[in-house]
Amino acid sequence: QVQLVESGGGLVQAGGSLKLSCAASGRTFGSYAMGWFRQAPGKEDREFVASISWNGGSTTYADSVKGRFTISRDNAQNSVYLQMNSLKPEDTAVYYCGRRTAFAIATAYGAYDYWGQGTQVTVSS
């Protein structure tokens with residue numbers, strides 16, 4: 001059973017920073033790509049934010065966060081992170097961590113097989 005637990009969300013002013021963490025269960029964490037998605041208030045779909053390959057060698061970002069957010073992972077700690085800088089009110093959303101059953105990065109929601117419960121990020125103007 002794979003479990004993903006996000007943490008680190010909160011309320012921050014525009015221009016501020018937050019670092020999200022996602023802790024994963026299971027001994028095979030280091031074999032799979034991970035990603036972050038978000039769901040804004042009133043939106044039905046989860047929006048891709050960032051993805052990282054199994055060894056951290058490849059990353060990709062949504063255009064809306066490129067240059068402001070950084071995804072990273074620590075396979076020894078079974079964790080993936082999302083450093084968010086220069087936050088904007090439009091970054092307000094519930095942020096979800098997802099795990100693929102593949103080693104390569106992906107931007108599609110359907111490419112991820114496991115999800116955490118989400119952590120709320122609110123950016124005030």
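Summarised in this report is the structure supplied together with it. (Residues numbered from 1 in each chain as written. Predicted model: local features only at pLDDT ≥ 70, side-chain atom pairs only at ≥ 80, totals over all residues. Heavy atoms only, no water.)

**Considering the state of the cysteines**
Here comes step 1: A full pass over the atoms with the stated rule returns 1 disulfide.
Here comes step 2: What pairs with Cys 22 in a disulfide is Cys 97, and their sulfur atoms sit 2.1 Å apart. Taking the sign of the torsion about the S-S bond as the criterion, the disulfide between Cys 22 and Cys 97, at about -75°, is left-handed. Here the residue Cys 22 occupies a position in strand β3 (residues 18-24), and Cys 97 occupies one in strand β9 (residues 93-99), the gap between them amounting to 75 residues.
Here comes step 3: Judged by relative accessible area, which is 1%, Cys 22 ranks as buried. (Disulfide = S-S within 2.5 Å. Helix = DSSP H or I, 4+ residues; strand = E, 2+ residues; numbered from the N terminus. Buried < 20%, exposed > 50% of the residue type's maximum accessible area, 1.4 Å probe, protein only.)

**Here's the deal with unusual backbone geometry**
In most cases, non-glycine residues show a negative phi, while peptide bonds are predominantly trans.
Here comes step 1: At Asn 78, a position not held by glycine, the phi torsion is positive, near 50°.
Here comes step 2: Locating Asn 78 in the fold gives a position in the loop between β7 (69-74) and β8 (79-84).
Here comes step 3: Although it is not a glycine, Ser 86 sits at a positive phi angle of roughly 50°.
Here comes step 4: Assignment of secondary structure puts Ser 86 in the loop between β8 and β9.
Here comes step 5: According to the relative accessible area criterion, Ser 86 is partly exposed, its value standing at 40%.

**Examining the pairing of β7**
Here comes step 1: Alternating residues of β7 divide into Phe 69, Ile 71 and Arg 73, all buried, and Thr 70, Ser 72 and Asp 74, none buried.
Here comes step 2: By the bridge criterion, 6 bridges tie β7 to β8 in an arrangement that is antiparallel. The partner of Ser 72 across the bridge, within β8, is Tyr 81.
Here comes step 3: Counting the residues between successive antiparallel strands, the hairpin from β7 to β8 contains 4 residues, one of them, Asn 78, with a positive phi of roughly 50°. (Pairing = 2+ DSSP bridges.)

So far we have only geometry, and geometry alone does not tell us how the molecule works.
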